[in-house]
Structures are given as C-alpha cells and as structure tokens.
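Reading the structure
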Amino acid sequence: FLHAINDVEKAKEMYLKAIEINPENPNYKLFAAINFNSLNDLESAEKYVDEAMHRLSTIFALQTAAGIYYANKNYNKAFIALTNILEQDVKNVDARNLLALVYIEKKEYEKANNLLELLLESFSTNTMLLVNSAKCLEKMGNYELAKERLDKVLEVIPDAEDALALLKKVEKKLVKIDD
C-alpha cells in the first residue's frame with residue numbers, strides 16, 4: 001500500500017523497483033496498477049493489472065481490475081472480472097453495482113435496472129445506488145422515478161454534485177414532456 005503514503009510519485013518509483021527486483025510477483029504489479037490509477041495513468045494501470053491478473057484471482061484483485069478496466073472504458077474486461085467476483089461472492093454489492101454501471105455503458109439498461117432494483121431492495125438509502133439507479137432510469141426515459149431517486153440523495157447530501165447535475169438534466173426532460 002505504498003500509494004497510501006500520499007506521495008504517489010515516490011510510491012511509483014518504489015513499485016517499479018520492486019517489480020524490477022521480482023518481476024514474477026503479481027502483488028507488486030497489482031499495487032503498481034492501483035498507484036498508476038491514482039496518478040490517472042490508466043494505460044499503465046491496465047497494463048500492470050493485466051499482468052497481475054494472470055496469477056491472481058482474489059476478490060480484492062478482481063475488484064481492483066474491474067475498477068481499472070471500467071475507468072479505462074474496457075467494459076468487456078470489467079464484465080469478465082465482475083462475473084468472476086460474483087462466482088465467488090454472489091452477494092458482493094460493490095461488484096453488482098459496478099456490473100450495473102457496465103450494463104449502462106453497454107446500453108443494456110434493463111439488465112442494469114434489474115440489478116440496481118435488487119440492490120435497492122436491501123440498501124434503499126444507499127446514495128451511490130440511488131444515483132446509479134437514477135442514471136439508468138434517465139437513460140430508460142423514466143424521468144419521474146429518476147427524479148424521486150435523486151431527491152432522496154439530495155435530502156441526505158444536499159450538495160452532491162453528480163446528483164445535482166443529473167437532476168438538472170432530468171428536470172429539463174420533464175419540462176419538455178409537460179410542454
């Protein structure tokens with residue numbers, strides 16, 4: 001967890017040195033990928049996570065890989081990592097949420113919505129799930145329910161930027177429907 005020292009450039013040097021000394025250690029590559037992700041160097045992050053994933057299959061490694069693949073818009077690889085997580089832990093909320101986001105990016109809105117609705121049955125006040133559900137509902141044209149979800153988020157976090165931006169978009173579409 002060298003990147004936790006808040007000097008990601010120093011951590012990068014240390015991870016690369018560790019990989020040079022022991023290039024077969026997948027954990028060094030995984031943590032280097034996390035560090036490169038922190039540096040917003042998604043190409044390097046994906047390179048190192050790909051190398052690490054040849055030898056690792058823990059939920060932590062898969063979750064890290066899925067997040068990096070998603071950030072890098074590599075939705076097919078993210079999907080594979082997420083399904084591997086769910087084979088090990090079918091109730092993994094983070095994996096199910098990220099899978100819903102992958103479905104949204106792939107324009108598979110019904111699948112995303114079904115997954116998010118199931119999650120919201122158990123976690124009805126989770127603001128992240130509510131925002132993601134609203135994103136999906138907005139894409140599906142269900143603006144009323146999207147607005148309801150966003151209003152719930154804003155009750156808890158009044159300055160939630162993602163919710164405010166999406167609410168503005170949803171309200172514009174509701175006005176057009178009323179016209």
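Owing to the predicted nature of the structure, the values given are computational and were not obtained by experimental measurement.

1. Points about the overall build of the protein
When helices and strands are tallied, the protein shows 10 helices and zero strands. Along the protein, helices and strands appear, N-terminal first, in the series α-α-α-α-α-α-α-α-α-α. The 179 residues of the protein split such that 42% are buried. Counting contacts in the protein only where the partners sit at least 6 residues apart, residues at least 24 apart contribute 45% of the total. Carbon and sulfur atoms make up 52% of the accessible area of the protein, which amounts to about 10,100 Å² in all. Seen as two clouds, the 23 positive and the 29 negative side-chain charges of the protein have centres 3 Å apart.

2. Thoughts on helix 7 (residues 109-122)
For helix 7, which comprises 14 residues, the first-to-last C-alpha distance of 20 Å matches the rise-based estimate of 20 Å (1.5 Å per residue) to within 8%. Where helix 7 is concerned, the buried positions are Tyr109, Ala112, Asn113, Leu115, Leu116, Leu119 and Leu120. End-on, the buried residues of helix 7 take up no more than an arc of 165 degrees, which puts them together on one face. Residues of helix 7 that are exposed and point more than 90 degrees away from the buried face comprise Glu121 and Ser122. Looking at the buried residues of helix 7, the elements they touch are helix 6 (93-105), helix 8 (127-140) and helix 9 (143-156).

3. Quick notes on the packing of aromatic side chains
Given two aromatic rings, one states the distance between the centres and the angle between the planes to describe the pair. Taken as a whole, this structure holds four aromatic pairs when the rule is applied. Between phenylalanine 31 and phenylalanine 60 the ring centres are 6.0 Å apart and the planes differ by 35 degrees, which places this aromatic pair in the tilted class. In this pair, phenylalanine 31 is assigned in helix 2 (residues 26-38) and phenylalanine 60 in helix 4 (residues 59-71), connecting sequence segments 29 residues apart. For phenylalanine 60, a relative accessible area of 42% gives the class partly exposed.

4. Structural notes on the side chain of threonine 64
Structurally, threonine 64 is set in helix 4. Judged by its relative accessible area of 13%, threonine 64 is buried. Of note is the side chain of threonine 64, whose polar atom sits 2.9 Å from the backbone oxygen of phenylalanine 60. Ignoring any residue separated from it by four or fewer positions in sequence, one finds threonine 64 in contact with Leu30 and Ile34.

5. Regarding the nonpolar core
Among the nonpolar cores identified, the biggest contains 58 residues, and Val49 and Leu82 are the most heavily contacted of them. Residues contacting valine 49, with those up to four places away along its chain left out, are Leu30, Ala33, Ala65, Ile68 and Tyr69.

6. Thoughts on the environment of tyrosine 143
Position of tyrosine 143 among the secondary structure elements: in helix 9. Judged by its relative accessible area of 17%, tyrosine 143 falls in the buried class. Separated by 31 residues in the primary sequence, tyrosine 143 and leucine 174 have C-alpha atoms spaced 6.5 Å apart.

7. Thoughts on the confidence of the model for the protein
Of all residues in the protein, 96% attain a pLDDT of 70 or more, and the chain-wide mean is 94. Looking over the protein, one finds the lowest element-wise mean pLDDT in helix 1 (residues 8-21), namely 90, and the highest in helix 8, namely 98.

8. A look at the environment of glycine 67
One can find glycine 67 in helix 4. Judged by relative accessible area, glycine 67 falls into the partly exposed class, the value being 30%. Through-space distance from the C-alpha of glycine 67 to that of alanine 78 is 7.1 Å; in sequence the pair is 11 residues apart.

The rules behind these values
Residues numbered from 1 in each chain as written. Predicted model: local features only at pLDDT ≥ 70, side-chain atom pairs only at ≥ 80, totals over all residues. Heavy atoms only, no water. Helix = DSSP H or I, 4+ residues; strand = E, 2+ residues; numbered from the N terminus. Buried < 20%, exposed > 50% of the residue type's maximum accessible area, 1.4 Å probe, protein only. Contact = heavy atoms within 4.5 Å. Areas by Shrake-Rupley, 256 points an atom, 1.4 Å probe, with all protein chains shown as cover. Lys, Arg positive; Asp, Glu negative; His and termini not counted. Charge placed at Lys NZ, Arg CZ, Asp CG, Glu CD. Expected span 1.5 Å × (residues − 1). Arc of directions from axis to C-beta. Phe/Tyr/Trp six-rings, centres within 6.5 Å; stacked < 30°, edge-to-face > 60°. Polar contact = N/O pair within 3.5 Å; in protein donor to acceptor, adjacent residues only side chain to side chain. Core = buried A, V, L, I, M, F, W, Y, C linked by side-chain atoms within 4.5 Å. pLDDT = per-residue confidence, 0-100.

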